[in-house]
Amino acid sequence: MNGVAYLAWRYLTHHKYKTAILVLAITLILYVPAGLRALVRLSERQLTSRAAATPLLIGAKGSPLELVLNSLYARAEVPAPLTYAAVDEVTATGLARAIPLYVRFHAQQDPIVGTTLDYFEFRGLRVAAGRQMARLGDCVLGASAARRRGTAPGGWVISSPENAFDLAGVYPLKMRVTGVLAYSDSPDDDAIFTDVKTTWLIEGLAHGHQDLTKPEAAPGVLKREGGAITANASVTQYNEVTDENIRSFHFHGDAATFPITAIIAAPRDTKSATLLMGRYQAADRPQQIVQPLEVIRELMSAVFAVQSFVLTALIVTGVATLATAGLVFLLSLRLRRREIATLVKIGGSRARVAAVVVSEVAAVVGASAMLAAALTWITGSFGSEIIRNLVAR
Amino acid sequence: MRLSSLVLSFTLLAFLSCGGPAGDAPADGGKSKPLVMTTNYPLDYFAGRIGGELIDVRFPMEGHADPAFWAPDPETIESYQKADLILLNGATYEKWVDRVSLPPSKVIDTSAGFRDRYIPLEEAVTHSHGPEGQHSHGGTAFTTWLDPALAREQANAILGALKTALPAEAAALEGNFASLAQDLEALDRELQGAGGSGPMLASHPVYQYAARRYHWNLVSFHWEPDEPPSAAEWEKLRRALRKHPAKVMLWEAPPQPETEKRLKELGVTAIVFYPCATRPSEGDYLSVMRRNAERIKLSALK
């Protein structure tokens, strides 16, 4: 290390608190706009790719944004339901593969996504541990949900009641975890997947109970009239599907009338997509069809407008902070007049003294720039997980 | 989280970050032929006749139990999930399907085309508990393939599914279907008038579609071939014979000799009419059905 660098280093380490504060301030000034831009770009790319991978969404008429956010990210408020008959209707057109989604229930903070096995193929999700759900009451966990809950295949997940004060409402269902999905860097990592039929079970549209024709169920029977049996409230209903009781589970009513929140429609080709969209244009139709990519682009354009305001404010603040930092350096020079005079008296030229001061400034700015670059890289690399965890909670 | 707060989170916190599909696509396992799995033997036979060497057809149930009351184990469900095509009989035949997860895009309900012609079961138990009111655990008659005309429609549904899976082989598949359809039409002709118009009995309620097609005047019981009927069941039969003086009783399998003897004493001949829901130990669906037709024709001549 030459003399100039040594003196600059000694000065900075001697005034370590002042140096640290300066480095922190300049780092933040450089990092915040750069990090924000990195996050915006990352989020835009990921949001857009998720939306682009979902050609069409069909839901009940209402907010398209709510429909897209609920269906693609398992967040936002639950859109108005549509019936499963709408799935059969799309399938019957032969224009698209219809994948139902029922995203309404939760297990603690994790969303329960009711769908069919076609969803996993459509999203390219594969089971990393255990096996795919096989029967009513089975579920598979996204990689992050499994890690957070500390649950592995063979474990259990219990659905949460929608309203703790509604004692007659949705019963918690104890679901068997059959598998954990491979990490996909998508909202699917945070979800609990189950068959749409299991979500109907959670809702109470299906249930399992004692066989009322058997003698052991007699205490639960109010009356028998021919083939009609009326049971009282004491009849044992199951809140868990097991090998022993699975045959007692049955649905009430026609599945075509059961609710879902959305349908992912994967058209065969562009022409099929256009034809399918045309079928949902009638004003009296109770469903809407949206292109998630368009909805997300609209959202992103609003976000970019806000982002430009935020960036402008940050740049103005940054300039003010840098000016303050410059002032700090200038004031410190006045405070260091005796020190500089001593350096000159012991033989240091004015140029060397100036080089020491410039080296100090360069070291502080350089360290700040490197820290800001490192933080920006971390944000770009791990931003999705960090932000998802923050927003998901 | 409310929508407004979500949007705010997007803008100020820099956005819910979510990725596209990053998982590996499932491997196809290097299959050369589409795997077609069925839920009973007749569908297995029809698919085999139509697909021939172009497909790999499997009906995974072993033994001779009734597939209508079968429930596959988790390993079998997994193999159904991995199939390229899953052929269901429909008409509430596969009760287990409501309780398992199968990929709908691969499932073909072969009887969906004649849903309006299903025969509702009359003996359904209804019950009520809770606010949802009364509901029934009943269903419809499901042995649709005993009516060759309906069997032909089921085969036609299989043809449609196979043509979608193997578009390049459409001509071969149609040729195979035409041959099967001819055989089914010939079987239909053999069964026409075979049972006569007189009263008949059935040991089990499985012949509804054949009875409708061929105008059989049929009353069904719930007797098992390998179990002797109880005294109450014999009494029920005697009462039925007073109003319905049948000379023959159709059985899904040969009844016990003692049962056959007692029926004879009542003037009723036991005729075996195999529904052929499982793979026969000899012959195939068509030969079994032809022998059924011969037996019923012979009994009518006596």
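Residues numbered from 1 in each chain as written. Chains lettered and ligands numbered in written order. Predicted model: local features only at pLDDT ≥ 70, side-chain atom pairs only at ≥ 80, totals over all residues. Heavy atoms only, no water.

Asks: Looking at this structure, I do not really get the overall build of chain A. What am I missing?
Replies: A count of helical and extended segments in chain A gives eleven helices and 16 strands. A burial count over chain A gives 49% of its 393 residues as buried. Taking contacts inside chain A between residues at least 6 apart in sequence as the whole, the part at least 24 apart equals 76%. As displayed, chain A has an accessible area near 18,800 Å², and 63% of this comes from carbon and sulfur atoms. (Helix = DSSP H or I, 4+ residues; strand = E, 2+ residues; numbered from the N terminus. Buried < 20%, exposed > 50% of the residue type's maximum accessible area, 1.4 Å probe, protein only. Contact = heavy atoms within 4.5 Å. Areas by Shrake-Rupley, 256 points an atom, 1.4 Å probe, with all protein chains shown as cover.)

Asks: What is the right way to look at the overall build of chain B in this model?
Replies: For chain B, the helix and strand inventory stands at nine helices and ten strands. Sorting the 302 residues of chain B into buried and exposed places 48% on the buried side. Long-range pairs, those at least 24 residues apart, make up 57% of the contacts in chain B between residues at least 6 apart in sequence. Here chain B has roughly 14,100 Å² of accessible surface; of this, 53% comes from carbon and sulfur atoms.

Asks: What should I look at first to understand the domain arrangement of chain B in this one?
Replies: Buried accessible area, meaning the area lost when the parts come together, often serves as the stated size of an interface. Residues and elements named next belong to chain B. For chain B, the assigned domains are domain 1 (35-122 + 138-190) and domain 2 (193-301). Inter-centroid distance (C-alpha atoms) of domain 1 to domain 2 is 25 Å. Contacts between the two partners involve 36 residues from domain 1 and, on the opposite side, 23 residues from domain 2. Summed over both sides, the interface between domain 1 and domain 2 buries roughly 2,500 Å², with carbon and sulfur atoms accounting for 59% of that surface. The largest share of the area that domain 1 buries against domain 2 comes from Tyr41, Leu146 and Glu190, three residues that together contribute 29% of it. There are four salt bridges connecting domain 1 and domain 2. Its salt-bridge partner being Arg279, residue Asp44 comes within 3.1 Å of it at the nearest N-O pair. Our count for the domain 1 to domain 2 interface comes out at eleven residue pairs in polar contact (both at pLDDT 80 or more). No other element matches the six residues that helix H2 (residues 41-51) contributes to the side of domain 1 that touches domain 2. Of the residues belonging to the side of domain 1 that touches domain 2, the class tally is 23 nonpolar, five polar and eight charged. (Domains from an automatic or database assignment. Buried area = accessible area lost by both parts, 1.4 Å probe. Salt bridge = Lys/Arg side-chain N within 4 Å of Asp/Glu carboxyl O. Polar contact = N/O pair within 3.5 Å; in protein donor to acceptor, adjacent residues only side chain to side chain. Nonpolar A, V, L, I, M, F, W, Y, C, P; charged D, E, K, R; others polar.)

Asks: What is the right way to read the domain arrangement of chain A from this model?
Replies: Residues and elements named next belong to chain A. Split into domains, chain A comes out as domain 1 (3-47 + 299-392) and domain 2 (56-205 + 252-290). Summarising the inter-unit geometry, the C-alpha centres of domain 1 and domain 2 are found 47 Å apart. Contacts between the two partners involve eight residues from domain 1, matched on the other side by twelve residues from domain 2. Buried area between domain 1 and domain 2, both sides added, is near 700 Å², and the carbon and sulfur share of it is 36%. At the junction of domain 1 with domain 2, the criterion picks out zero salt bridges. Where domain 1 meets domain 2, there are one residue pair in polar contact (both at pLDDT 80 or more). Looking at the side of domain 1 that touches domain 2, the elements that each hand over two or more residues are helix H2 (16-52) and helix H11 (350-392).

Asks: Any chance you could explain the pattern of salt bridges here in plain terms?
Replies: Side chains carrying opposite charge are able to pair once their charged atoms draw close together. Following the criterion strictly, the structure yields 30 salt bridges over all chains and no others. Across the pair Asp110 of chain A and Arg149 of chain A runs a salt bridge whose closest N-O atoms are separated by 2.7 Å. A residue pair is termed long-range when its members are at least 10 positions apart, and Asp110 of chain A in strand E4 (residues 110-115) and Arg149 of chain A in helix H6 (residues 143-149) qualify at 39 residues. A relative accessible area of 0% means that Asp110 of chain A is categorised as buried. Relative accessible area serves as the criterion here: at 22%, Arg149 of chain A is assigned to the partly exposed category. Across the pair Glu174 of chain B and Lys163 of chain B runs a salt bridge, and its minimum N-O distance is 2.5 Å. Separated by eleven residues along the polypeptide, Glu174 of chain B in helix H5 (residues 170-191) and Lys163 of chain B in helix H4 (residues 148-165) bring together distant segments of the chain.

Asks: Hey, could you run me through the packing of aromatic side chains in this one?
Replies: Between two aromatic rings, the relevant description is the distance of the centres plus the angle of the planes. Scanning the entire structure with this criterion turns up 25 aromatic pairs over all chains. With a centroid separation of 6.1 Å and 90 degrees between ring planes, the pair formed by Tyr119 of chain A and Phe120 of chain A is classed as edge-to-face. As far as burial versus exposure is concerned, Tyr119 of chain A and Phe120 of chain A are alike and both buried. Both rings, one in Tyr93 of chain B and one in Phe142 of chain B, keep their centres 5.2 Å apart while their planes meet at 65 degrees; by these two values the pair is edge-to-face. Of this pair, Tyr93 of chain B sits in the loop between strand E3 (85-88) and strand E4 (107-109) while Phe142 of chain B sits in the loop between strand E6 (134-136) and H4, and the two are 49 residues apart along the sequence. Summarising the burial analysis for this pair, Tyr93 of chain B and Phe142 of chain B share the class buried. Taken together, the ring pairs connect Tyr84, Trp200, Phe251 and Phe258 of chain A into an aromatic cluster. The lysine or arginine in question, Arg336 of chain A, covers the ring of Tyr11 of chain A, its NZ or CZ lying 3.5 Å from the ring centre. (Phe/Tyr/Trp six-rings, centres within 6.5 Å; stacked < 30°, edge-to-face > 60°. Lys NZ or Arg CZ within 6 Å of the ring centre and 35° of its normal.)

Asks: What is the right way to read the pairing of strand E1 (residues 56-60) of chain A from this model?
Replies: Looking along a regular strand, one sees the side chains alternate between the two faces of the sheet. Residues and elements named next belong to chain A. With five of five residues buried, E1 lies mostly within the body of the structure. Taken together, the three bridges between E1 and strand E15 (residues 262-267) define a ladder with antiparallel strand orientation. Opposite Ile58, over in E15, you have Ile263 as the bridge partner. (Pairing = 2+ DSSP bridges.)

Asks: I'm lost on the sheet that holds strand E7 (residues 199-202) of chain B in this one. Help?
Replies: Where strands meet in a sheet, backbone hydrogen bonds hold them as pairs that are either parallel or antiparallel. Residues and elements named next belong to chain B. The four strands lie next to each other as E8-E7-E9-E10, forming an open sheet whose pairing is parallel. Of all the strands in the sheet, just strand E8 (217-220) and strand E10 (269-272) have a single pairing partner and so form its edges. On average, each strand axis in the sheet is tilted by 30 degrees relative to the strand beside it, whichever way the strands run. Looking at chain direction, E7 and E8 are connected through four bridges and run parallel. In the strand pairing of E8, Leu201 is matched with Val219. (Axes fitted to C-alpha atoms, helices over the stretch in contact; angles between N-to-C directions.)

Asks: In this structure, what is going on with the packing of H2 of chain B against H5 of chain B? I would like to understand it.
Replies: Helices that pack against each other are described as a pair by the angle of their axes relative to one another and the distance between those axes. Residue and element names in this part refer to chain B. Packing of H2 against H5 leaves a shortest axis separation of 7 Å and a crossing angle of 135 degrees. Overall, the two elements H2 and H5 adopt an arrangement that is oblique. Here Tyr45, Phe46, Arg49, Ile50 and Gly51 of H2 come into contact with H5, specifically with Leu173, Asn176, Phe177, Ser179, Leu180, Asp183 and Leu184. Split by residue class, the contact of H2 with H5 holds seven nonpolar, three polar and two charged. (Parallel < 35°, antiparallel > 145°, perpendicular 65-115°, else oblique.)

Asks: Explanation requested: the environment of Thr164 of chain B in the structure shown.
Replies: Residue and element names in this part refer to chain B. Inspection of the secondary structure puts Thr164 in helix H4. Note on Thr164: relative accessible area 66%, which makes it exposed. At 2.9 Å, the side chain of Thr164 and the backbone oxygen of Gly160 are in polar contact.

Asks: Where do I start with the sheet that holds E4 of chain B in this structure?
Replies: Residue and element names in this part refer to chain B. Overall, parallel pairing links the four strands, which are arranged E2-E1-E3-E4 in an open sheet. Either end of the sheet is taken by a strand with one partner, and the two such strands are strand E2 (56-58) and E4. For this sheet, the mean angle separating the axes of adjacent strands, direction not counted, is 20 degrees. Sheet strands in contact with H2 are strand E1 (35-38), E2 and E3, and its direction is about 170 degrees off that of E2. The strands that H4 touches are E1, E3 and E4; relative to E3, the one it contacts most, it runs at about 170 degrees.

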